[in-house]
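Observations on chain architecture
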Amino acid sequence: MSTVHAVAARRPALRSWLVLVVCEAKMVVRDTAGLVVPVVLPLLILVMSAGSAAEQPVADGYTALDVFVLPLVLTIVLGTIGVINMPSFLAYYRRTGVLRRLSATPASPAMVLVAQVVVSVAQALVGLAGALAVAFGVLGARPPAHLAAALGVYALAMAAMYAVGMVVAAVAPTPNSAVAIGLIGFFALGALGGMFGGRSTLPPALAAVGEWLPFGAAVEALAAAWVGAPVDTAHLLALAGTVVVGAAVSAAFFRWT
Amino acid sequence: MSPPTSAEPSGAPAIVAERLHKRYRGTTAVHDVSLRVHRGEIVGVLGVNGAGKTTTVEMIAGLRRPDGGTVRVLGLDPQRDRARVRQVLGVQLQDAYLHGALTVAELVGLYRSFYPHPRPAAELLGLVGLDGQRHVRFEKLSGGQQQRLSIALALAGAPRLVVLDELTTGLDPRARRRMWATVEGLRDDGVTVLLVSHAMEEVERLCDRVVLLDAGRVVATDTPAGLVARAGATTLDDAFVTLTGKQLEDVE
């Protein structure tokens, strides 16, 4: 018997996953633009829209800040990270051969994907914390009436945005095109989801489409949870559907090299 | 699982490649390439650019799937027994990039973490002379330093078999001699090395045997001295020209 058969088909240990997560985190932290945009851009939008929105009562003591601005801003955090940042990292790794080099080690390139998602979730939580701190601490926003529902919706929306991002990473041929597709995708989803002045200003057909896309569905569902209204199943289905379709499409088209 | 591999004795060859075939969009890159590397041997794969050297060793390393033929690495199929082969095989790829914003020490730590029994980090950095660059980001390293780091990472898992694709291309003479000494150190440890090269001096100094590739086919397999004798030449350079009809240096 060859001695090599004594080699167990061991996967890298848990420690290896932690090392990779730390490395991916360092990559994100050292990429200044990618670090700042998802945290600062939503804050900027929040502060700029807060002045009038905080004065505008909508229902049950909630203002336009709580019902429209905050769900929108929190969804922007997810969108910039999931749809713009993450795919550009993965496309860069693929283009430069990082994933290929990793595929020659016992680490599976899939570990990189998982590490990216972990780091992205952490970054999203930082963006979330920043926006909420300003909203509650400075602007006088009110916390969601259904906290558990809001958290659940947010987690689902996060998964949906990453699923969209994985599709971008899977289909983009180059890092540049990943950034371009990510940006356009983000703004298209955002525009149809009411990022520029609410979906009510859109032509009815576009507004209807936007409500079913992940950005619009996330904003609607989050707003409902915020004021304590029942979350529309259609919005949850739209988000869950995005996760399923995104995962399937990216799994089918993703290339390591 | 695979009868031919499990029956092999412990003295089985490190690499057995039989009739490898690879085609890219209608062009045949590798045609019927067979080669055998014994344990502890250093074998060079020599040829001009486009001869199929990289494609051949990438199929052996399991990074490319052959269109035809079989590969066994230490008795294992690099496609089917991927996880096991990866643990005993170290690879230095041509133009492989690493996480650009990570430092030398961070990358060494990352790649060491993938293996059950890695070589100590200080030893790896010492081997390639990057002790002084521990805290330099990969993207800030010179081309030669990046290449040396890539060699260190190929050795991170204390592999029993190493595939080095263009070991010293782009390195200055001093770094080149250091890498040669590193490979000679591997030989002393009983590590098998498959070395892609187009540098005659390197092949002559390091390799026990040479596989000469031209246009995707094996032209000759012999010791460096054997190739010279076979071609009726006086130097390996001349032997190369006689056997392939091509000038090695001109092509670069």
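It should be emphasised that the depicted structure is a prediction, and the values quoted were computed from it without experimental measurement. (Residues numbered from 1 in each chain as written. Chains lettered and ligands numbered in written order. Predicted model: local features only at pLDDT ≥ 70, side-chain atom pairs only at ≥ 80, totals over all residues. Heavy atoms only, no water.)

For the rest of this paragraph, the subject is the overall build of chain B. If you tally the helices and strands in chain B, you get ten helices and nine strands. In terms of overall size, chain B behaves like a compact globule, its C-alpha atoms giving a radius of gyration of 18 Å where 252 residues would be expected to give roughly 18 Å. Principal-axis analysis of the C-alpha atoms gives chain B an extent of 50 × 45 × 40 Å. Every one of the 252 residues in chain B was classed for burial, and the buried ones make up 58%. A separation threshold of at least 6 residues defines the contact pool for chain B, and within that pool the share at least 24 residues apart is 64%. As displayed, chain B has an accessible area near 9,900 Å², and 47% of this comes from carbon and sulfur atoms. (Helix = DSSP H or I, 4+ residues; strand = E, 2+ residues; numbered from the N terminus. Rg over C-alpha atoms; globule rule 2.2 N^0.38 Å. Buried < 20%, exposed > 50% of the residue type's maximum accessible area, 1.4 Å probe, protein only. Contact = heavy atoms within 4.5 Å. Areas by Shrake-Rupley, 256 points an atom, 1.4 Å probe, with all protein chains shown as cover.)

Quick look at the overall build of chain A now. Tallying secondary structure elements over chain A gives ten helices and two strands in all. Traced from its N-terminal end to its C-terminal end, chain A shows the element sequence α-α-β-β-α-α-α-α-α-α-α-α. Over its C-alpha atoms chain A spans a radius of gyration of 20 Å, differing by no more than 12% from the 18 Å that the globule rule assigns to 257 residues. Reported as C-alpha extents along the three principal axes, the dimensions of chain A are approximately 75 × 40 × 30 Å. Looking at chain A as a whole, 50% of its 257 residues qualify as buried. Relative to all contacts within chain A whose residues are 6 or more apart in sequence, the contacts with residues 24 or more apart total 76%. Accessible area for chain A stands at about 10,700 Å²; split by element, carbon and sulfur atoms hold 74% of it. On chain A, the mean spot of the 12 positive side-chain charges and the mean spot of the 8 negative ones are 28 Å from each other. (Lys, Arg positive; Asp, Glu negative; His and termini not counted. Charge placed at Lys NZ, Arg CZ, Asp CG, Glu CD.)

Residue and element names in this part refer to chain A. What the largest pocket holds in volume is close to 480 Å³. As for the largest pocket, its lining consists of 22 residues, and the residues nearest its centre are V67, F68, V69, G194 and G198. Of all the secondary structure elements, the ones that give two or more residues to the lining of the largest pocket are helix 2 (32-53), helix 3 (64-96) and helix 9 (214-227). Looking at the lining of the largest pocket element by element, the count peaks at five residues for helix 3. Looking at the lining of the largest pocket, its residues break down into twelve nonpolar, eight polar and two charged. (1 Å grid on protein atoms, 1.4 Å probe; cavity = no way out; pocket = protein on both sides within 12 Å on 5 of 7 lines; lining within 4 Å. Points joined across faces, edges and corners; volume = space filled by probe spheres on them. Nonpolar A, V, L, I, M, F, W, Y, C, P; charged D, E, K, R; others polar.)

As a further point, take the interface of chain A and chain B. Across the contact, 35 residues belong to chain A and 42 residues belong to chain B. Taking both sides of the interface into account, the surface hidden between chain A and chain B amounts to around 3,400 Å²; carbon and sulfur atoms contribute 57%. Summed over the three residues of chain A that lose the most area to chain B, namely R30(A), R100(A) and R101(A), the buried surface amounts to 21% of that side. Taking the shortest distance from any N to any O, the salt bridge between R30(A) and E106(B) comes out at 2.9 Å. One can count eleven residue pairs in polar contact (both at pLDDT 80 or more) joining chain A with chain B. The set of elements that each furnish at least two residues to the side of chain A that touches chain B consists of helix 1 (14-30), helix 3, helix 4 (98-103) and helix 5 (109-137) of chain A. By residue number, the principal contributor to the side of chain A that touches chain B is helix 1 of chain A, which donates nine residues. For the side of chain A that touches chain B, the per-class residue count stands at 19 nonpolar, eight polar and eight charged. (Buried area = accessible area lost by both parts, 1.4 Å probe. Salt bridge = Lys/Arg side-chain N within 4 Å of Asp/Glu carboxyl O. Polar contact = N/O pair within 3.5 Å; in protein donor to acceptor, adjacent residues only side chain to side chain.)

Right, let's talk about the nonpolar core for a bit. One broad rule of soluble globular proteins: the nonpolar side chains tend to lie buried together. Judged by nonpolar contacts, the single largest core of 155 residues is most densely connected at F215(A), I60(B), Y111(B), L149(B), L167(B) and L194(B). When sequence neighbours within four positions are dropped, the list of residues in contact with I60(B) reads I15(B), A17(B), L20(B), L35(B), V71(B), V73(B), P78(B) and L194(B). (Core = buried A, V, L, I, M, F, W, Y, C linked by side-chain atoms within 4.5 Å.)

As a further point, take the sheet that holds strand 2 (residues 27-37) of chain B. Residue and element names in this part refer to chain B. Pairing is antiparallel in the open sheet, where three strands are placed in the order 2-1-4. Looking at the sheet topology across the chains shown, the edges are occupied by strand 2 and strand 4 (68-73). Between one strand and the next, the sheet's axes are offset by a mean angle of 20 degrees, whatever the strand orientation. The sheet contact formed by strand 1 (residues 15-24) and strand 2 spans eight bridges and is antiparallel. Note that in strand 2 the partner of I15 across the bridge is V37. (Pairing = 2+ DSSP bridges. Axes fitted to C-alpha atoms, helices over the stretch in contact; angles between N-to-C directions.)

All names here are of chain B. A contiguous patch of negative charge on the surface is contributed by E201, E204, D237 and D238. Secondary-structure elements contributing two or more residues to the negative patch are helix 8 (200-206) and helix 10 (236-244). Of note, D237 is situated in helix 10. (Patch = residues over 30% accessible without salt bridge, like charges linked within 9 Å, V, L, I, M, F, W, Y side chains within 5 Å.)

In this section: the UniProt feature "transmembrane region" (unreviewed entry) in chain A. Residues and elements named next belong to chain A. As recorded in UniProt, the sites labelled "transmembrane region" (unreviewed entry) are residues 35-55, 67-93, 113-139, 151-172, 178-198 and 234-254. Across residues 178-198, the secondary structure splits into 71% helix and 0% strand, with the terminal C-alpha atoms separated by 27 Å. Taken end to end, residues 234-254 comprises 95% helix and 0% strand; its first and last C-alpha atoms sit 29 Å apart. (UniProt positions renumbered as here; feature names shortened; annotations may be inferred.)

What follows deals with the UniProt feature "domain: ABC-2 type transporter transmembrane" (unreviewed entry) in chain A. Residues annotated by UniProt as "domain: ABC-2 type transporter transmembrane" (unreviewed entry) correspond here to residues 18-224 of chain A. What you have in residues 18-224 of chain A is 80% helix and 2% strand, and the ends, taken at the C-alpha atoms, are 37 Å apart.

Our focus in this paragraph is the pairing of strand 1 of chain B. Residue and element names in this part refer to chain B. The loop that links strand 1 with its antiparallel partner strand 2 comprises two residues; one of these, R25, has a positive phi angle of about 40 degrees. Pairing geometry for strand 1 and strand 4, over five bridges, is antiparallel. Of the residues in strand 4, the one forming a bridge with I15 is V73.

Another aspect to go through is the UniProt feature "domain: ABC transporter" (unreviewed entry) in chain B. Per the UniProt entry, the sites bearing "domain: ABC transporter" (unreviewed entry) are residues 15-240 of chain B in this numbering. Across residues 15-240 of chain B, the secondary structure splits into 35% helix and 26% strand, with the terminal C-alpha atoms separated by 24 Å.

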